Amino acid sequence: MAISLKESVIVGLSDLWSRKVRTIVTVLGIALGTMSIIVVLSLIKGVNKTTEQWLQERGGATKLSVHRNGEYSKPHHERRHFDFKELRLIQSLIPEVEYFNPSSNQWTSHRAYYNGNEYWPQTVGVFPDFANIEEWSVSKGRFISDFDLDAYNDVIVIGSTAKTKLFGNEDPIGKYIYVMDRKFQVIGVMKRRYMKARSEIGDDNALEYLNSYCFVPLSTVLKKISNDERIQTFDVKVRYVSEVIPLKEKLEAILLNLRHGHPIFVVESTKEEIERSMQDTIIFKAIFFIISGISLLVGGIVITNIMLATIQERTREIGIRMATGARRFDIFIQFLVQTVLTTFFGGIFGVVLGISILDKVAAFINMEVVIDVNLIITATIISISVGLIFGIYPAVNASNLDPVKALRYE
Amino acid sequence: MQDVVIKTVNLDKVYDMGKHKVTALDNVDIEIYRGEFLAIMGPSGSGKSTLMHILGCLDTPSGGDYILEDHKVSKLKKRQLAAVRNQKIGFVFQTFNLLPHLNILKNVELPLMYSGISPAKRKERATYILEQVGLGDRLRHKPSELSGGQRQRVAIARAIVNEPAIILADEPTGNLDTNSGSDILNIFSELHDKGNTVIMVTHDPRVAGKANRIIHIIDGKITDGDIA
């Protein structure tokens, strides 16, 4: 007995067609709302991806770093650095970690020269695990080994920029360079690190600073070059993200014990850093969500209004349909389908509009955007839902009309 | 023994206007037989339209019973009333009440659509009926492109397309000139001759003259039931 959905869609389409201007205005309202949702969601995805990529480049979510605690100001007589024996002790206390790497002070540049070429790289003493923690490898030669560490070898692995500055096109492997007035044999060249910078200020490579680094065995630095070279930081890496927090607590306990209860050092995890950065973007997200939500809400209210006006205009038609046998449900569906069709078209149009302006928006506010199919589906579903939600009230109103009164309506 | 199509028992309709109540129908008892051509006459405000709406299942009585083909329709729910309007009743209005944005074929298809008949079948059926009322060459025309008499013929086609038990006509010639009016009346006479039950509300004695029975209604009461 009931009129089919297909039938309702056909009736709805011809109704919409017979009121073109009104339909276009309504479709436009929803299209703008959907467009803003597409743009906002893409921007948020872009921000998340950039942040994630950055943190991934910095060692991923399974990395923990121990630093000096700059905020601790109470007077104490504890050492502010680690000595080699202490490091070995800590390493033996945390056998669950996959990689362990202490680094010497990274913040000073030392003059390096080869064959008349001069460069000021940052030279860092490291363990062989450094390459594993940073997920970074050599493009040529080899990285520092345990043998180099145990033998205090005078070997050096240079960054790609350091290589270019010192050697040009020459093969550096096996050559000797002078750093900190000492002769080192070049055993490897690191792969070039690159990540597109978010900002156009300065270099477009956010990781360029790493390419100027040079690496030597930590033992060599401590023993042969600088007795006062202090180790104030080390990194560890576990296999699984779930191990991060337990290990962090354990490390904090060990470090407190070593310094008689003074929190000289802090343990930071990339995982927490990721979570913190997500927290930072939450307000940003919320604001954008509210804005696009409001624009859809406005679109929805406009639709409710237009449908109410349409139904009032068509009161007599509803009466005629009822007199010829339309059930209340038929009338309800007829108008609901019209609303949903409108928002569906608006949604599709908005998605197309959103995608087409995305690049320009991204360029304008200088952020990366990520668009995917899920997003398109989400936006379309949201716009259809708006039609459903805001179409129900007018449709119920229409279906509740009294046939006699509706027929008499002028 | 004549077959009773419509029977009302103590039918009341009272409109609650807040302070006072208006009685539109007062204890109306009528019996209408299958195949009758009945005219309901009365001055305006007499309650004849209200009676028409109740007989047409567009409205429900405040009291009493309305029995249509052995079904107590006064007790039906709105959803069931819609089905009765669709299957058992064909309406012809004074103002035609066609949908202006649909062509006349689509207009006539409406009751068939609400009975769930497939598009192909309803097109065939509606075309046939429109040919019967002499509009076979105007199928794609909008109502606004037709004369009053033609529009009323479309309305009649729509009323009979589902082969209802009764045809209800509310002042069907009221908006027409004399010539088109008699055309329309002739169509109703033909329908009656073919065995249809026709109930017509009118205040025009000439129109009522076509009927084989006239009942008068004044102040919501049936005053007589002459057989013409």
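Sequence order sets the numbering: in each chain, residues are counted from 1 along the sequence as written. Both sets of labels track the order of writing: A upward for chains, 1 upward for ligands. For this predicted model, a pLDDT threshold of at least 70 governs which residues receive local features, and a threshold of 80 or more governs which side-chain atom pairs are given and counted, while totals over whole chains, interfaces and linings are taken from all residues.

Thoughts on the overall build of chain B
To keep things clear, this is the line we draw: Here a strand is any run of E in DSSP of at least two residues, a helix any run of H or I of at least four, and the numbering for each starts at the N terminus. Radius of gyration: over C-alpha atoms. The globule rule applied is 2.2 Å multiplied by the number of residues raised to the 0.38 power. Buried means a residue has 20 or more other C-beta atoms within 10 Å of its own C-beta, exposed means 12 or fewer, and partly exposed covers the counts in between; C-beta atoms are placed from the backbone. For every residue pair, C-beta atoms are placed from the backbone, and the pair is scored as a contact if these atoms sit within 7 Å.
Looking only at helices and strands, chain B features 7 helices and 10 strands. Against the globule reference of 17 Å for 228 residues, chain B gives a C-alpha radius of gyration of 17 Å, in line with a compact fold. Across its three principal axes, chain B shows a C-alpha extent of roughly 50 × 45 × 40 Å. The burial tally for chain B puts 48% of its 228 residues in the buried class. Long-range pairs, those at least 24 residues apart, make up 68% of the contacts in chain B with a sequence separation of at least 6.

Description of the overall build of chain A
Across its full length, chain A carries 14 helices and 12 strands. Relative to the compact-globule value of 22 Å for 410 residues, chain A shows a C-alpha radius of gyration of 33 Å, a clear excess of over 25%. C-alpha extents for chain A along the principal axes are approximately 105 × 50 × 35 Å. The burial tally for chain A puts 38% of its 410 residues in the buried class. Counted over contacts in chain A with a minimum sequence separation of 6, partners at least 24 positions apart contribute 84%.

Digging into the sheet that holds strand E7 (residues 166–170) of chain B
Residues and elements named next belong to chain B. Using the following cut-off: One bridge is not enough; two strands pair if DSSP finds at least two bridges between them. Lines fitted to C-alpha atoms define the axes, with helix axes restricted to the stretch in contact, and inter-axis angles between N-to-C directions lie between 0 and 180 degrees.
Strand order in this open sheet of 6 strands is E6-E7-E8-E3-E9-E10, and the pairing throughout is mixed. Two strands close off the open sheet at either side, each with one partner strand: strand E6 (89–92) and strand E10 (221–224). Here the strands of the sheet are splayed against their neighbours by 25 degrees on average, with no regard to which way each runs. In the sheet, E6 pairs with E7 via 4 bridges, with the strands oriented parallel. Bridge pairing links Val-92 to Ala-169 in E7.

Here we look at helix H11 (residues 315–323) of chain A
Counting buried residues along H11(A), 7 of its 9 residues qualify, which places the element largely inside the surrounding structure. Along H11(A), the residues that are buried comprise Glu317(A), Ile318(A), Gly319(A), Ile320(A), Arg321(A), Met322(A) and Ala323(A). The inward-facing, buried residues of H11(A) abut helix H12 (328–365), helix H13 (373–399) and helix H14 (403–408) of chain A together with helix H2 (78–87), E6 and helix H3 (104–114) of chain B. Residue Gly325(A) follows H11(A) closely and has a positive phi angle near 120 degrees.

Re the interface of chain A and chain B
Which entries qualify depends on this criterion: Gly is put with the polar residues, along with every residue not named as nonpolar or charged; the nonpolar set is Ala, Val, Leu, Ile, Met, Phe, Trp, Tyr, Cys and Pro, and the charged set is Asp, Glu, Lys and Arg.
If you look at the interface, chain A gives 19 residues, while chain B gives 20 residues. Every element with two or more residues in the side of chain A that touches chain B is listed here: H11, H12 and H14 of chain A. The greatest single-element share of the side of chain A that touches chain B, amounting to 5 residues, is contributed by H11(A). Taken together, the residues that form the side of chain A that touches chain B break down as 10 nonpolar, 3 polar and 6 charged.

Considerations on the environment of Phe37(B)
Residue and element names in this part refer to chain B. Along the polypeptide, Phe-37 turns up in strand E3 (residues 37–41). Residue classification places Phe-37 among the buried positions, given that 22 C-beta atoms sit within 10 Å. The residues touching Phe-37, leaving out its near neighbours within four places in the chain, are His-192, Val-198, Lys-210, Ala-211 and Asn-212.

Regarding the environment of Phe143(A)
Mapped onto the secondary structure, Phe143(A) falls in the loop between strand E6 (138–141) and helix H5 (146–151). Once residues within four sequence positions are removed from consideration, Phe143(A) is found in contact with Pro128(A), Ala131(A), Ser137(A), Val138(A), Val157(A) and Gly188(A).

Remarks on the sheet that holds strand E2 (residues 99–103) of chain A
The strands making up a sheet are joined through hydrogen bonds of the backbone, oriented either antiparallel or parallel. All names here are of chain A. Read from one edge of the open sheet, 4 strands run E2-E11-E1-E12, paired in antiparallel fashion. For this open sheet the edge positions go to E2 and strand E12 (265–269), each flanked by a neighbour on one side alone. Adjacent strand axes in the sheet meet at a mean angle of 20 degrees, parallel and antiparallel pairs treated alike. Relative to E12, strand E1 (residues 63–68) is paired through 5 bridges, and the arrangement is antiparallel. Counted as the bridge partner of Leu-64 is Ser-269 from E12.

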